[in-house]
Amino acid sequence: MFFSVLLLVVACGAEPGNELSVGAATVADLNENAPQVEALLASMTLEQKVAQMIQGEIKHVTPDDIRTYGLGSVLNGGGSFPNEEKFSSLQDWVALADAYREASLDTSEGTAGIPLLWGTDAVHGHNNVIGATIFPHNIGLGAANDPELIAEIGRITSREVAATGIDWIFAPTVAVVLDDRWGRTYEGYSDRPEIVGEYAGVIVKALQSEGLLATAKHFIGDGGTYRGIDQGDTNVSLETLLEIHGQGYYSALDAGVTSVMASFNSWNGNKVHGDKTLLDNVLRGKLGFTGFVISDWNGVGQIPGCTNDSCAQSINAGMDMIMAPEDWKALLFNTIEQVKRGDIAEERIDEAVRRILTAKFTAGLFDAPMPSVRAEPLLALVGSHKHREVARRAARKSLVMLKNNDSTLPISPTANVLVAGTGADSIEMQTGGWTITWQGTGNGNETFPGATSIFAGIEQAMTDTAGSAVLSVDGSFSERPDVAIVVFGETPYAEGQGDVETLAWQQEDQRDLGLLRKLKSQGIPVVAVLLSGRPMWMNAELNAADAFVAAWLPGSEGGAVADVLVAGADDKPRYDFAGRLSFDWPNADLNATDPALPVADNLFAYGYGLSYAEPGEVGQLNEVPVGAPNKLDRLVFGGTARDPWRTFVGDSVDWEIEVFGSTASTAGGNLQLKTFDRRIQEDSIELTWRGRGASGSQVYWRSRESLDVRALASQKGYLVIDAQVVEPPSSLVSLRMDCTYPCNGEVDLTKLLQDGSLLQWQVVAIPLSCFADRGADLSNLSSPAVLFTEGSMTVRISEVSLRTDIPAGAIEFCP
């Protein structure tokens, strides 16, 4: 990028002292840093150089580790906090930043004394920090269509990140999303390359405005995979790849983005993390990027022949820094050995470290005061009223009105309003994934001090006038309302766990649709407010509502919804709907010609959106799906518990401890649960029973209401568990299927877990009839799987499901 930017300066006839700005630095700054970079590089040992290329995760890297090994960087992953304390204060974050910096500058143990970079995924505000301002996800900002507003959000995010002593932001995501079944759809601004290109440069400049580093991600083609499968294959020519998926990088690089993160996906069958054509020839040669490239979380381990702690291929392909959250130490030693034996040329190491050092010098890290000194004047800004007002304005502008028959909206200020639905008073649902925790789950309203739920905003708007608002999640009421607002939609998810097979809104009990229909059948005008991370086939729900608003994932300021839905005291709209679709809205659940392709039948085209100034009517819509829904199979657990199931652990001290986040323990401490990376980040759990105490411990999944699975059993259905035994059990192990207590059916798993069959990952399928024969009432199922032992053992589980078929190679088991 230095060369291409310098050419632009010469072409424009820039005078000395008026050089083109590149992020927080100028071209002159970059050139001036070159002698310092070269002098430092020449003084460094091989071990010190390789250490600069390694990034570990704060749960696995202490300040003492930095003092000893001199790593170049750390990150906090989603759901990772100082001292592993979710409710860490701003001061806790800053104190850890101080400790890391102090350790990185300490040369007493032989390190080079180079300041460390701390990176964080601040993708919609400083979303890992309690009390920070949470903005709408990118899909909503795309609908807002306001680059100046996006820039303001970027500047605020930069200030709030800087207030915690962190230097580096893993944003923006510049994916062009072509198949909305992808679980990261909400991270994209649009399905149009030109829109992504327009926004990328704007947000990069804003994020780097406080002297922080920004990251354009994920290079390249992450939004174009087959069937929208996360980390799948994007099969297109290089010309098409750049024409569609490269537009955000053109503008991000022009804006001076410091780093680029490689993508998990493959391009024509080859993992991008190991593809020299893309990382070197294209990104550097063709696009002119001269910053540094970082891998994604254990991304190098997905390259054939590589592991999380050893991958010469990726470094040789052009990877400058490797994100190895837990395996950083082994990666450090293995990489040093690979250089010594010639698998990696030391010149390639020098090239990577030169880029990293250049970024650190350019950001001013060598001369910067301690993070606490830099953060002090910014602390009061985190979650401030001024920042929240910008977030509220962004959420307001992101709302898209899809339907408003009979001018149901705006709601009269004197109305008696019933507010219903699971999303009405759930800040967790309105903020979505990548919020406090990685998947955005396990967050009650108390997790968001200063935030406002959608119901709270509506209640405030109504009581400010002569109206009233009542919350009733299930839609029941004692006094007939004038209008009902039903807030519903997707529960939070992030990558991997957010992928879907169809765009249909699939709920086993169709409770959201039933609620809409129930209220409408009583003659009550119904306003539907959808919280979702993607456009969805909602024809039945659209038919069941008089007005329908796509609210996306609006963030912490739920009052924005009332701003637009509820009229002022003069009975006129306080704000009009400004949001317009930045994605096409589907008229089908699947592509009728080829289900592998994105949906091509669109109900509302890109740019659609009604307003009070420009109203419109929507007629009756087709409710027949293209794909026949499988109403029998149910995924219970896949990285996280899937709706309506929840994960619990328990023992005799407390049998009911719900699992939130990446770790949990029974009250007696005999069972420890933590997330585990099998194929992708946190796609499994590891369960360790210690075998202590007189009573046993259990992990189980339970639904909010009992379910009838007799139809599944009649089709020879199974309970399917994908698991691995790490430490065989020392005592009896039971697997129960529970109905209303004391009803259950129990099978003995001890022999299966002890005989070595599951030392490698293995799918086990147990017929539902096996549990029914042992007493389970399948018409009243509450917990499909309860794993219990009094002894010690360690097992890993990546999936629990109820299915009518089992994969090839599965062990069918019924003792």
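You'll find the structure just up there.
Residues numbered from 1 in each chain as written. Predicted model: local features only at pLDDT ≥ 70, side-chain atom pairs only at ≥ 80, totals over all residues. Heavy atoms only, no water.

J.: Explain the overall build of the protein chain to me, using residue names and the numbers behind them.
T.: Along the protein chain, the regular secondary structure elements total 24 helices and 35 strands. Here the C-alpha atoms of the protein chain give a radius of gyration of 27 Å, agreeing with the 28 Å that 2.2 N^0.38 yields for 815 residues. When its C-alpha atoms are laid out on the principal axes, the protein chain stretches across 75 × 75 × 50 Å. When burial is assessed residue by residue, the protein chain has 61% of its 815 residues classed as buried. Across the protein chain, every contact between residues at least 6 apart in sequence was considered, and the portion connecting residues at least 24 apart equals 77%. When the accessible surface of the protein chain is summed, it comes to about 29,200 Å², and 49% of that surface belongs to carbon and sulfur atoms. With 59 positive and 105 negative side-chain charges, the protein chain shows a separation of 1 Å between the mean positions of the two kinds. (Helix = DSSP H or I, 4+ residues; strand = E, 2+ residues; numbered from the N terminus. Rg over C-alpha atoms; globule rule 2.2 N^0.38 Å. Buried < 20%, exposed > 50% of the residue type's maximum accessible area, 1.4 Å probe, protein only. Contact = heavy atoms within 4.5 Å. Areas by Shrake-Rupley, 256 points an atom, 1.4 Å probe, with all protein chains shown as cover. Lys, Arg positive; Asp, Glu negative; His and termini not counted. Charge placed at Lys NZ, Arg CZ, Asp CG, Glu CD.)

J.: Can you break down helix H14 (residues 346-362) residue by residue, with the values?
T.: Taking 1.5 Å of rise per residue, 17 residues should cover 24 Å, and H14 covers 24 Å from first to last C-alpha, within 8% of that figure. Where burial is concerned, most of H14 is hidden: 12 out of the 17 residues are buried. Among all positions of H14, only Arg-348, Ile-349, Asp-350, Ala-352, Val-353, Arg-355, Ile-356, Leu-357, Thr-358, Ala-359, Lys-360 and Phe-361 are buried. Taken from the residues just after H14, Gly-364 is the one with a positive phi, measuring 80°. (Expected span 1.5 Å × (residues − 1).)

J.: Residue-level account of the side chain of Asn-127, with values.
T.: By secondary structure assignment, the location of Asn-127 is in the loop between strand E5 (117-120) and helix H6 (138-144). At 3.0 Å, the side chain of Asn-127 forms a polar contact with the backbone oxygen of Trp-434. With residues up to four places along the chain from it excluded, the contact list for Asn-127 reads Asp-121, Ala-122, Ile-134, Trp-434, Thr-435 and Ile-436. (Polar contact = N/O pair within 3.5 Å; in protein donor to acceptor, adjacent residues only side chain to side chain.)

J.: Residues and numbers for the side chain of Thr-335, please.
T.: Its place among the elements puts Thr-335 in helix H13 (residues 328-340). Setting aside anything within four residues of it in sequence, one finds Thr-335 in contact with Val-50, Ile-315 and Ile-344.

J.: Tell me about helix H19 (residues 511-521), and name the residues and values.
T.: Since the α-helix turns once every 3.6 residues, residues separated by three or four places project in the same direction. Among all positions in H19, only Asp-512, Leu-513, Leu-515, Leu-516 and Leu-519 are buried. Looking straight down H19, one finds its buried side chains confined to an arc of 160°; they lie on one side. A positive phi of about 80° marks Gly-523, the residue just after H19. (Arc of directions from axis to C-beta.)

J.: Run through the state of the cysteines, naming residues and quoting values.
T.: One pass over the structure, following the stated rule, counts 3 disulfides. Bridging Cys-739 to Cys-743, the disulfide has an S-S length of 1.7 Å. On the S-S bond that ties Cys-739 to Cys-743, the torsion sits near -65°, and the link is left-handed. Relative accessible area serves as the criterion here: at 5%, Cys-739 is assigned to the buried category. (Disulfide = S-S within 2.5 Å.)

J.: Talk me through the pairing of strand E33 (residues 783-789); I want residue IDs and the actual numbers.
T.: Counting buried positions over the 7 residues of E33 gives 7, a clear majority of the element. In this structure, strand E28 (residues 697-703) lies alongside E33, joined through 5 bridges in antiparallel fashion. When the sheet's bridge partners are listed, Trp-701 is paired in E33 with Ala-785. (Pairing = 2+ DSSP bridges.)

J.: Tell me about unusual backbone geometry, and please be specific about residues and values.
T.: Peptide bonds are, in most cases, trans, and in most cases residues other than glycine have a negative phi. Residue Ile-220 follows Phe-219 across a cis peptide bond; omega there is 5°. By the element assignment, Ile-220 lies in the loop between strand E7 (215-219) and strand E8 (233-234). A cis amide bond links Tyr-741 to the next residue, Pro-742, at an omega of 5°. Structurally, Pro-742 is set in the loop between strand E30 (733-738) and strand E31 (744-748). In this structure, Trp-434 takes a positive phi of about 55° despite not being glycine. Turning to its location among the elements, Trp-434 is positioned in the loop between helix H17 (427-431) and helix H18 (454-463). Given a relative accessible area of 5%, Trp-434 falls into the buried group. Positive phi, close to 55°, is recorded for Trp-552, a residue that is not glycine. Note on placement: Trp-552 falls in strand E19 (residues 547-552).

J.: How would you explain the sheet that holds strand E9 (residues 259-262) if you had to name every residue and give the values?
T.: Strand order in the open sheet formed by 3 strands is E7-E9-E12, and the pairing between neighbours is parallel. Of all the strands in the sheet, the pair left with one neighbour each is E7 and strand E12 (292-294). Within this sheet the neighbouring strands show an average axis-to-axis angle of 30°, counted without direction. (Axes fitted to C-alpha atoms, helices over the stretch in contact; angles between N-to-C directions.)

J.: I'd love a proper account of the pattern of salt bridges, names of residues and values included.
T.: Following the criterion strictly, the structure yields 41 salt bridges and no others. A salt bridge links Arg-354 to Glu-38; the nearest nitrogen and oxygen atoms lie 2.6 Å apart. With Arg-354 in helix H14 and Glu-38 in helix H2 (residues 27-43), this pair connects stretches of sequence that are 316 residues apart. Among the salt bridges present, the one from Asp-563 reaches Arg-392, with a minimum N-O distance of 2.7 Å. One end of the pair, Asp-563, is in helix H21 (residues 559-565); the other, Arg-392, is in helix H16 (residues 385-398), with 171 residues separating them in the sequence. Assessed through its relative accessible area of 27%, Arg-392 is described here as partly exposed. Within this structure, Arg-284, Asp-320, Arg-348, Glu-351 and Arg-355 form a network of salt bridges that share partners. (Salt bridge = Lys/Arg side-chain N within 4 Å of Asp/Glu carboxyl O.)

J.: Could you give an account of the sheet that holds E8, with specific residues and numbers?
T.: Here we have 3 strands laid out as an open sheet, ordered E8-E10-E11, and mixed in their pairing. Of all strands in the sheet, those bounded by a partner on one side alone are E8 and strand E11 (270-271). When E8 meets strand E10 (residues 266-267), the two strands line up parallel, connected through 2 bridges. The partner of Thr-234 across the bridge, within E10, is Trp-267.

J.: Explain the packing of aromatic side chains residue by residue, including any values.
T.: Where two aromatic rings form a pair, the distance of their centres and the angle of their planes describe that pair. A complete count under the given rule lists 17 aromatic pairs for this structure. With a centroid separation of 5.3 Å and an interplanar angle of 10°, the aromatic rings of Phe-648 and Tyr-700 are classed as stacked. With Phe-648 in strand E23 (residues 645-651) and Tyr-700 in strand E28, the pair connects residues that are 52 residues apart, well separated along the chain. Three or more aromatic residues joined by ring pairs make a cluster, and in this case those are Tyr-69, Trp-328 and Phe-333. In this arrangement the basic side chain of Arg-396 is found over the ring face of Tyr-575, its NZ or CZ atom lying 3.9 Å from the centre. (Phe/Tyr/Trp six-rings, centres within 6.5 Å; stacked < 30°, edge-to-face > 60°. Lys NZ or Arg CZ within 6 Å of the ring centre and 35° of its normal.)

J.: Describe the packing of helix H8 (residues 193-207) against helix H10 (residues 247-254), listing the residues and the values that go with them.
T.: Close contact between H8 and H10 brings their axes to 7 Å; oriented N to C, the two are set at 25°. In terms of orientation, H8 lies roughly parallel with respect to H10. Once H8 is placed against H10, the crossing between them reads as right-handed. For the pair formed by H8 and H10, the contact residues are Pro-193, Val-196, Gly-197, Ala-200, Gly-201 and Val-204 on the first element and Gln-247, Gly-248, Ser-251 and Ala-252 on the second. Here the residues of the contact of H8 with H10 are counted per class, giving 5 nonpolar, 5 polar and no charged. (Parallel < 35°, antiparallel > 145°, perpendicular 65-115°, else oblique. Left-handed = near helix turned anticlockwise from the far one by under 90°. Nonpolar A, V, L, I, M, F, W, Y, C, P; charged D, E, K, R; others polar.)

J.: With reference to specific residues and values, describe the environment of Asp-651.
T.: Positionally, Asp-651 belongs in strand E23. Each C-alpha atom, one on Asp-651 and one on Gly-668, is 6.7 Å from the other, the two residues being 17 residues apart in sequence. In this structure, Asp-651 is in contact with Thr-666, Ala-667, Gly-668, Gly-669, Gly-696 and Ser-697, ignoring residues within four places of it in sequence. Within the local environment of Asp-651, its side chain forms a polar contact with the side chain of Thr-666, the two groups lying 3.3 Å apart.

J.: Go over the nonpolar core, please, and point to the residues and values.
T.: Judged by nonpolar contacts, the single largest core of 120 residues is most densely connected at Tyr-100, Trp-118, Phe-219 and Tyr-249. Residues contacting Trp-118, with those up to four places away along its chain left out, are Ile-58, Val-74, Leu-75, Asn-76, Trp-93, Leu-96, Ala-97, Tyr-100, Ile-166, Asp-167 and Trp-168. Leu-687, Leu-712, Leu-753 and Leu-768 belong to the second-largest nonpolar core, a separate cluster that totals 44 residues. (Core = buried A, V, L, I, M, F, W, Y, C linked by side-chain atoms within 4.5 Å.)

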